[in-house]
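# Summary of the model geometry
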Amino acid sequence: MPARKKPVVKTTRRAIASPSRARMLRPARATARQYYELIEALSEGVVMISRTGKVIAANPSAEAILGMNAKEIEASLRDDDRWKIFREDGTVFLPAEIPLRRTLRTGKGLKNVVLGTRLGGRTVRWFSLSTQPVYAPRSARPAYVVASFEDVTRDRKSTRLN
């Protein structure tokens, strides 16, 4: 039995050389300014925190959602008495179990962890939080953790009403 011939695919020079086609084939390359604008535009809060607890960056949504500026967020994270964080069942996270710290300790990101807190003694607020470790070059441990979060208090209240 004769071997089957593979079909020949012909391309035209024009199809390969098309500037729009070339743009589609290569990945987008954002500038540092564009990344900054991307993070600034998000409705979700985003913070980057170092292993030592220093807030490296926080977008305006993070500050608005938490009602704190970056320095106040940093201070709150260091003061476990001021920042009681609890699970949906009401049990309090131990300091080492807090998602940001857990990601720094284990190097494993977390997705959509629902947690509650009383920020500054106010009423309970609920958040959906995701974390991702960031490694320095040649480091086995995360140097930073990036956390993104949104306030889901209203969603929880409407769910209880239905």
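Cut-off values and rules
- Throughout, a residue's number is its position along its own chain's written sequence, starting from 1.
- Local features are withheld for residues below a pLDDT of 70 in this predicted model, meaning they are given only at 70 or higher, and side-chain atom pairs are given and counted only at 80 or more; totals for whole chains, interfaces and linings count all residues.
- Based on all heavy atoms of the structure, the side-chain values leave hydrogens and waters out of the count.
- The helix count covers DSSP runs of H or I at least four residues long, the strand count covers runs of E at least two residues long, and both are numbered beginning at the N terminus.
- The buried label goes to any residue with under 20% of its type's maximum accessible area, the exposed label to any with over 50%, and the partly exposed label to all in between, with areas taken from a 1.4 Å probe on protein chains only.
- It only takes one pair of heavy atoms within 4.5 Å for two residues to be counted as in contact.
- For every accessible area listed, the method is Shrake-Rupley and the probe measures 1.4 Å; residues are considered covered only by the protein chains on display.
- Using only the protein atoms, space was sampled on a 1 Å grid; points where a 1.4 Å probe fits but cannot get out form cavities, open sets with protein on both sides within 12 Å along at least five of seven lines form pockets, and lining residues are those with an atom within 4 Å of a point.
- Grid points are joined across faces, edges and corners, and a volume is the space filled by probe spheres set on the points.
- Under this grouping Gly is polar, as are all residues other than the nonpolar Ala, Val, Leu, Ile, Met, Phe, Trp, Tyr, Cys and Pro and the charged Asp, Glu, Lys and Arg.

Counting its regular elements, the chain contains 7 helices and 6 strands. Secondary structure elements in the chain, listed N-terminal to C-terminal, are α-α-α-β-β-α-α-β-α-β-β-β-α. Buried positions account for 30% of the 162 residues belonging to the chain. Taking the intrachain contacts of the chain between residues at least 6 apart in sequence as the baseline, contacts between residues at least 24 apart amount to 43%. Approximately 11,800 Å² of the chain is accessible, and the part contributed by carbon and sulfur atoms is 56%.

Before going further, it helps to spend a moment on the layout of surface pockets. Reported here for the second largest pocket is a volume of approximately 150 Å³. In terms of lining, the second largest pocket is formed by I39, V46, V47, M48, A57, A58, N59 and V146. Elements that contribute at least two residues to the lining of the second largest pocket include exactly strand 1 (45-50) and strand 2 (55-58). Grouping the amino acids of the lining of the second largest pocket by side-chain chemistry returns 7 nonpolar, 1 polar and no charged.

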